[in-house]
Amino acid sequence: MDKVLDIQKIRQDFPILDEVINGKPLVYFDNAATTQKPFPVLNALARYYEHYNANIHRGIHHLAEKATSAFEASRHKIQTFLNARYVEEIIFTYGTTDGINLVSQTYGRTFLKAGDEIIISTMEHHSNIVPWQMLCEEKGCVLRVIPINDEGELLMDEYEKMLSEKTKFVSVVHVSNALGTINPVAEIIQKAHAVGAKVLIDGAQASSHIDIDVQALDCDFYVFSLHKLYGPTGMGVLYGKKDILNAMPPYRGGGEMIKEVTFAKTIYNDLPYKFEAGTPNIADVVAAYNALEYVEMLGKQEIAKYEHELLEYGTDALQSIEGLRLIGTAKEKVSVISFVMEGIHPQDIGVILDQQGIAVRTGHHCTQPLMHRLGIVGTSRASFAVYNTKEEIDKLVVGLERVKKMLS
């Protein structure tokens, strides 16, 4: 029998949902930007600072050993979460953006040269555009962009036409933050590997919605942030294949990433520490364990099934509003609904909804090239998580009707 989630019980795990905004109970529909944190994560952060706050790896006293053990336990937990072959393939970063920059500035600078081609897609977040543009400016590489259709799906035939012996790197988003589109990343990876290119997958949005198996995908790199997965901010993960990571130079210099330093020469540390210079974000890495444990307790498939119910319900409900147009109608989507309203600026929609206690995201969502392709300045975006309800979606519909009445 399928497990049925008790959503009201789950909501009790997230204290921020009891907040009152402008005299109204909070309706939080900005989960694609960041998810809220359950008590197990909040308690883990407090417990670390209250009971074993210490720097890690280099201390022999009790607090340092306890902190180190908790820190490395999170690395093992993430290895399992991604099904990585080796624990040393898990590099802690400060977020998805940091992970992409690490790869572009180490692998890219080392192995790419003038005339090499890098492929991204039209729906990329700025953090998966700008680092590659910077690399192209420095090295003389050529940036190529996979187009999309009007529904917000990649044109895979066009992608295939782009691939050649010049293609050296492909970096694409697993799930679009602006549209909710799930991209066929397994096919993208397979076709890139067929011409000898390496592949990075931006999993910032996918991590909370989709089971991820990096060995099955056979991606060379996978990046995501914990703050979109019910975990703390300022903490992310870079997965990379061991042999590739070993071939890459360090990203930053300092403590931890060294074995031996003399004024004549420095010998760098082994993986994963070669890429983790300085004192890391210890507390948030420790609490990441509890975030993943919480997701495991609920069940990834159960979360995805419930969120799909919210997506279907919300899509039908919003389509009933006259003058509202959905942006991003791919056949394969996660629980993200972007929309525009005729004659009304997205920012005005956000302000009026906020007055009713409803939090949505408005603007270009750090995807300006995508908005340009779609012929709009931006959208309003409602994104759902496991603690959201159909009743909250009904409040959103009422709120949007009020927006229309006030501004149309």
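Our structure is the block above this text.
Below or above, wherever it landed, is the structure these notes cover. Small disclaimer: the values here were computed from a predicted structure and weren't measured.

### Considerations on the sheet that holds strand S4 (residues 90-93)
Ordered in space as S4-S10-S9-S8-S7-S5-S6, the seven strands form an open sheet in which the pairing is mixed. Two strands close off the open sheet at either side, each with one partner strand: S4 and strand S6 (142-146). Neighbour to neighbour, the strand axes of the sheet diverge by 20° on average, direction disregarded. Set on the sheet, helix H4 (residues 96-111) makes contact with S4, strand S7 (167-173), strand S8 (198-202), strand S9 (221-225) and strand S10 (236-240); between it and S9 the angle comes to about 150°.

### Digging into the environment of Gln 319
With respect to the helices and strands, Gln 319 occurs in helix H11 (residues 300-319). According to the relative accessible area criterion, Gln 319 is partly exposed, its value standing at 49%. When the C-alpha atoms of Gln 319 and Gly 231 are compared, they prove to be 32 Å apart, with 88 residues separating the residues in sequence.

### What about the nonpolar core?
The nonpolar side chains of a soluble globular protein tend to be buried with one another. One finds Leu 82, Tyr 222, Leu 318, Val 386 and Leu 400 to be the most contacted residues of the largest nonpolar core, which totals 108 residues. No other element matches helix H10 (residues 282-298), which puts 11 residues into this core. The contacts of Leu 318, once residues within four sequence positions are left out, are Leu 324, Leu 326, Ile 337, Phe 339, Leu 396, Val 397 and Leu 400. In this structure, Ile 118, Ile 129, Leu 135 and Phe 221 belong to the second largest nonpolar core, which totals 23 residues.

### Section: the pattern of salt bridges
Overall, the coordinates contain 20 salt bridges when judged by the stated rule. Ionic pairing is found between Asp 150 and Arg 373, a salt bridge with its closest N-O pair at 2.9 Å. Of this pair, Asp 150 sits in the loop between S6 and helix H6 (156-162) while Arg 373 is found in helix H13 (residues 368-374), placing the two residues 223 residues apart along the sequence. Arg 373 sits in the partly exposed class, given a relative accessible area of 32%. Among the ionic contacts, a cluster of salt bridges with common partners joins Asp 30, Arg 361 and Arg 381.

### Overview of the packing of helix H3 (residues 62-82) against H10
For the pair H3 and H10, interaxial distance at closest approach is 8 Å and the crossing angle is 40°. As summarised for this structure, H3 and H10 are arranged oblique, according to the angle between their axes. In this structure, H3 crosses over H10, and the sense of that crossing is left-handed. Of H10, the residues touching H3 (which contributes Ala 70, Phe 71, Ala 73, Ser 74, Lys 77, Ile 78 and Phe 81) are Ile 282, Val 285, Val 286, Ala 288, Tyr 289, Leu 292, Glu 293 and Glu 296.

### Quick look at the packing of H11 against helix H14 (residues 390-407)
How two helices pack is summed up by the angle between their axes together with the distance between the axes. The contact between H11 and H14 brings their axes to 10 Å, and the two run at 20°. On the basis of their axis angle, the class for H11 and H14 is roughly parallel. H14 is crossed by H11, and the crossing has right-handed handedness. Of the residues in H14, those in contact with Glu 309, Leu 310, Tyr 313, Gly 314, Ala 317 and Leu 318 of H11 are Lys 390, Ile 393, Asp 394, Leu 396, Val 397 and Leu 400. For the contact of H11 with H14, the class distribution of residues is eight nonpolar, one polar and three charged.

So, how was this worked out
Residues numbered from 1 in each chain as written. Predicted model: local features only at pLDDT ≥ 70, side-chain atom pairs only at ≥ 80, totals over all residues. Heavy atoms only, no water. Pairing = 2+ DSSP bridges. Helix = DSSP H or I, 4+ residues; strand = E, 2+ residues; numbered from the N terminus. Axes fitted to C-alpha atoms, helices over the stretch in contact; angles between N-to-C directions. Contact = heavy atoms within 4.5 Å. Buried < 20%, exposed > 50% of the residue type's maximum accessible area, 1.4 Å probe, protein only. Core = buried A, V, L, I, M, F, W, Y, C linked by side-chain atoms within 4.5 Å. Salt bridge = Lys/Arg side-chain N within 4 Å of Asp/Glu carboxyl O. Parallel < 35°, antiparallel > 145°, perpendicular 65-115°, else oblique. Left-handed = near helix turned anticlockwise from the far one by under 90°. Nonpolar A, V, L, I, M, F, W, Y, C, P; charged D, E, K, R; others polar.

As far as function goes, none of this settles anything; it's purely spatial.
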